[in-house]
Amino acid sequence: MMRLNSDEMARRVAQDIPDGAYVNLGIGMPTSVANHVSDDRLVIYHSENGILGVGPAPAPDQVDPDLINAGKQYVTLLQGGCYFDNAESFAMMRGGHLDIAVLGAFQVSERGDLANWATNDDTFPPAVGGAMDLAVGAKQLFVLMRHTTKANEPKILNQCHYPLTGAGVVKRIYTDLAVIDVTEEGLRVRELYGDNTLADVQALTEARLLPPL
Amino acid sequence: MMRLNSDEMARRVAQDIPDGAYVNLGIGMPTSVANHVSDDRLVIYHSENGILGVGPAPAPDQVDPDLINAGKQYVTLLQGGCYFDNAESFAMMRGGHLDIAVLGAFQVSERGDLANWATNDDTFPPAVGGAMDLAVGAKQLFVLMRHTTKANEPKILNQCHYPLTGAGVVKRIYTDLAVIDVTEEGLRVRELYGDNTLADVQALTEARLLPPL
Amino acid sequence: MIVMNKTCESLRAAVADIADGSVVMIGGFGNSGIPLQLIEALRQHGARDLTIISNNAGVAEIGIASLLKAGQVRKIVCSFPRSSGSIWFERLYEAGDIELELVPQGTLGERIRAAGAGLGGVYTPTGYGTRLAEGKETKVINGKGFVLETALPADVALIKAHRADVWGNLIYNTAGRNFNPIMATAATTTIAEVSDVVSAGELDPECIVTPGIFVDRVVTQEASRHDAA
Amino acid sequence: MIVMNKTCESLRAAVADIADGSVVMIGGFGNSGIPLQLIEALRQHGARDLTIISNNAGVAEIGIASLLKAGQVRKIVCSFPRSSGSIWFERLYEAGDIELELVPQGTLGERIRAAGAGLGGVYTPTGYGTRLAEGKETKVINGKGFVLETALPADVALIKAHRADVWGNLIYNTAGRNFNPIMATAATTTIAEVSDVVSAGELDPECIVTPGIFVDRVVTQEASRHDAA
């Protein structure tokens, strides 16, 4: 079975981001999607802490300590970018102004429910950050995650077992095995990598998958 | 009986505005209060259309067509003033950030209800502007109005007959006869002009007036 | 290299897709910060049955008054329709030919902002206990009365700014901001009339008032030359 | 001529009236835009039983973590308490020695803004149908679910800006704004830590981010010299 590595997964998402799109990339693997959008293209990245037009990491002697992204990494500002406060930044998210948000996930349900902020392990204090706002607000919410847990258990489920981030919010799921759309009919496989078959992927998925159209 | 003229009434209000206060002056007679705050004093005027630090009228060749006050008169900006949008301007009002608002009124009740945006004459279309926001938001709401109507009928009433702008919002009333505080005990005369007696003023007032302390 | 450029070459083209029955926000306060050329283009375009959301209802024969005079407006949502010289509004109102939704100015602003920020509504103290709260949900929170006011979105916002860059970032002139920055956030399509358009990076990123994400089209006042040609 | 000057000569004096039991907002996101010197002054001042409203719960031994370590904090209201290195928060949380109110980041911002803008609350779609909406009023508006989130005011806001003028007008540095401008509006007393203070009129009135009406005291980072003396 063909399993993409992290770089290949991020590259696959990058292919689906149109020029001129306003995009928020979540912390972790989603952030690396930007590395696969080539320099001759223009995507405008939003960072929840108040930046539109996030540019690449600065040279070490060019660091501005206040200029960080949501993952607390130093960044730069593109020509044409700007700064704003938390209220305006989240107005952009919640108000439907972002074209695409790409988030990681613990679990996704067949209805597009997203669970990515808490597990059922209560020994750690909970933390939610901006995940719930991004989940409800972006015009299209893409999830980028491995198809199964490290223990090879499915993450695409009939129902999420972990606390929800948002209900019915996911539009498309990019995993290391396939690309899957959340549709009114259910989960529709859009693309199978390499020689992966629907049966292969279904075997690692709890929710029922519909074949590609 | 001593009746102040408009200039004298505005001057009297100006005496009660402390240095450093943030103040909104309503359209009409309240606007003229600023003319009686001497140049060696500093009061910061707010205009609902998005100005803090409103300065005097410009010389004719210095007019900026966008730089008007709420009464649509051309104004200037003091050094230290700034501009903002409607949402921020009304956040200043409603959020209790203005120290004093001075408004005109058709009627005030003994509980401090204010009626200043509509009469019971429905032949004109209604207009409210920012009056209701100012009424609920300023730390202290002063009313500046003639004590009676042109027909010599009282405007300080047991109950307002006109539609309310706000309920229980007026703190003090400056008329051409007296200064009256709205207190928990009722309307307390604070100052009588010239030889005016409590009985004189009460005769022109429907609501009961309490004597000065 | 892909270049983003939201500049529209002609005022006529900028408003060409405004459909009959649209809800149209128009920025401005009195004569300050009004997109007069976009309004004139909308008048010439001729879309009818419009709902206009604006602070005022126009004076004399220009701006919003010109749309009223042309019979293009079914309803107006505003705080202060009755300025001196609002003859066209008054004429239509008296004849029962226009619907008026009167909203306190700060409530109008919050309802517009709520739409732009994805909120369903806000509880405001403004208007509590008055005629303008009749029929609305109220709630006492910590002993103070509030009125529920719901989000007010639009199909199109016509706004006026001082300068844009090609990404659609905007700065304004003095008190010309008023409703323009919040209306920019609240419409499906936002069209800005500006004095000039500069390259990306020419506006100070610390001083941009309206981020370009809220702006779909930018048109200069010079563009009227294209329309005349 | 009266001159307005909100500058406070010493960090110690700037925080001297913060009482035990106060609700204190602290600006910042990660290490960006945090008023570190005001926090240190609050630590030295020693007020206890504090409720802290901030996006994060501090890392290592500085900033908010220093207040936690000193046992001055009873409760924290934040969106993301668990950053790598948040050892003092985690220690107190596990021991049951601190109360946590977890709020989605955008909801935290709207609740703060609502307090500053005099609103009672807002209906937000964020968190609808999740654990964080449990026990809260909800409402379906135009087919979409919303959660009622009430205003979140504070006694004191400690914020960080880049530069102030003597009227208390503020500008910020890049992404250092984050929660600072909205917190400035939501507290009874707002105290801003800045790099320098200039005369009235030296900041461009078109570029002022926080109007001085929201700011009570301004203190420069240089002021720590006064405290050491």
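Note that the structure is a prediction, hence the values are computed from the model and not measured.

Colleague: Looking at this structure, I do not really get the packing of aromatic side chains. What am I missing?
Modeller: Centre-to-centre distance and the angle between the planes together describe a pair of aromatic rings. Applying the stated criterion across every chain, the model contains 7 aromatic pairs over all chains. Residues Phe106 of chain A and Tyr162 of chain A carry aromatic rings whose centres are separated by 5.8 Å and whose planes lie at 90 degrees to one another, so their mutual orientation is edge-to-face. Here Phe106 of chain A is found in the loop between strand S5 (100–103) and strand S6 (107–109), whereas its partner Tyr162 of chain A is found in the loop between strand S9 (156–157) and strand S10 (172–174), with 56 residues between them in sequence. Accessibility expressed as a relative area gives 28% for Tyr162 of chain A, which makes it partly exposed. Sitting above the plane of the Trp88 of chain D ring, Arg91 of chain D keeps its charged end 4.4 Å from the centroid.

Colleague: I'm lost on the interface of chain A and chain C in this one. Help?
Modeller: Quite often, the size of an interface is put as the accessible area lost when its parts meet. Residue-level contacts link 26 residues of chain A with 23 residues of chain C. It is Leu42, Gly80 and His97 of chain A that lose the most area in chain A upon contact with chain C, and together they represent 26% of the buried surface on that side. For the interface between chain A and chain C, the tally reads 0 salt bridges. Across the chain A-chain C interface, the total number found is 6 residue pairs in polar contact (both at pLDDT 80 or more). Those elements that place two or more of their residues in the side of chain A that touches chain C are strand S3 (51–55), strand S4 (76–83) and helix H2 (86–94) of chain A. Ranked by residues supplied to the side of chain A that touches chain C, first place goes to S4 of chain A with 7 residues. When the residues that make up the side of chain A that touches chain C are grouped by side-chain class, the tally is 13 nonpolar, 7 polar and 6 charged.

Colleague: Is there a simple way to think about the interface of chain C and chain B in this case?
Modeller: Of the residues lining the interface, 43 residues belong to chain C; the matching set on chain B comes to 36 residues. Interface area for chain C against chain B, summed over the two sides, is near 3,100 Å², with a carbon-plus-sulfur share of 60%. Taken as a group, Phe29, Arg82 and Thr174 of chain C account for 18% of the area that chain C buries against chain B, more than any other trio of residues on that side. Taken together, chain C and chain B are joined by 1 salt bridge. Its salt-bridge partner being Arg94 of chain B, residue Glu110 of chain C comes within 3.2 Å of it at the nearest N-O pair. Taken together, chain C and chain B are joined by 16 residue pairs in polar contact (both at pLDDT 80 or more). Going through the elements one at a time, helix H4 (87–94), strand S4 (99–102), helix H5 (105–116) and helix H6 (180–186) of chain C are the ones with two or more residues in the side of chain C that touches chain B. In terms of residue count, H5 of chain C provides more of the side of chain C that touches chain B than any other element does, 6 residues in total. For the side of chain C that touches chain B, a count of residues per class yields 15 nonpolar, 20 polar and 8 charged.

Colleague: It is not clear to me how the pattern of salt bridges should be interpreted in this structure. Could you clarify?
Modeller: Side-chain pairing between opposite charges can occur once the charged atoms of the two side chains come close. Within this structure, the stated rule accounts for 50 salt bridges over all chains. A salt bridge links Asp176 of chain B to Arg3 of chain B; the shortest N-O distance between them is 2.8 Å. Residue Asp176 of chain B is found in the loop between strand S10 (172–174) and strand S11 (178–182), and its partner Arg3 of chain B is found in the segment before helix H1 (6–15); the two are separated by 173 residues along the sequence. For Arg3 of chain B, a relative accessible area of 36% gives the class partly exposed. Put simply, Glu40 of chain C and Arg43 of chain C hold a salt bridge, and the shortest N to O gap is 2.8 Å. One end of the pair, Glu40 of chain C, and the other, Arg43 of chain C, are both in helix H2 (residues 36–45), 3 residues apart, so they sit about a helical turn from each other.

Colleague: I keep staring at the sheet that holds S10 of chain A and nothing clicks. Help me out?
Modeller: Note: strands within a sheet are paired through backbone hydrogen bonds, in either parallel or antiparallel orientation. Residue and element names in this part refer to chain A. The 10 strands lie next to each other as S4-S3-S2-S1-S5-S8-S10-S11-S12-S13, forming an open sheet whose pairing is mixed. The two strands at the open ends of the sheet, each matched to only one other strand, are S4 and strand S13 (209–210). Note that strand S11 (residues 178–182) and strand S12 (residues 187–192) share 5 bridges and pair antiparallel. Its bridge partner being in S12, Ala178 is matched across the sheet by Leu192. Across the face of the sheet, helix H1 (residues 6–15) comes into contact with S5, strand S8 (140–144), S10, S11 and S12 while running at roughly 165 degrees to S8. Along the sheet, H2 contacts strand S1 (22–25), strand S2 (44–47) and S3; its crossing angle with S2, the most-contacted strand, is approximately 120 degrees.

Cut-offs applied
Residues numbered from 1 in each chain as written. Chains lettered and ligands numbered in written order. Predicted model: local features only at pLDDT ≥ 70, side-chain atom pairs only at ≥ 80, totals over all residues. Heavy atoms only, no water. Phe/Tyr/Trp six-rings, centres within 6.5 Å; stacked < 30°, edge-to-face > 60°. Helix = DSSP H or I, 4+ residues; strand = E, 2+ residues; numbered from the N terminus. Buried < 20%, exposed > 50% of the residue type's maximum accessible area, 1.4 Å probe, protein only. Lys NZ or Arg CZ within 6 Å of the ring centre and 35° of its normal. Contact = heavy atoms within 4.5 Å. Buried area = accessible area lost by both parts, 1.4 Å probe. Salt bridge = Lys/Arg side-chain N within 4 Å of Asp/Glu carboxyl O. Polar contact = N/O pair within 3.5 Å; in protein donor to acceptor, adjacent residues only side chain to side chain. Nonpolar A, V, L, I, M, F, W, Y, C, P; charged D, E, K, R; others polar. Pairing = 2+ DSSP bridges. Axes fitted to C-alpha atoms, helices over the stretch in contact; angles between N-to-C directions.

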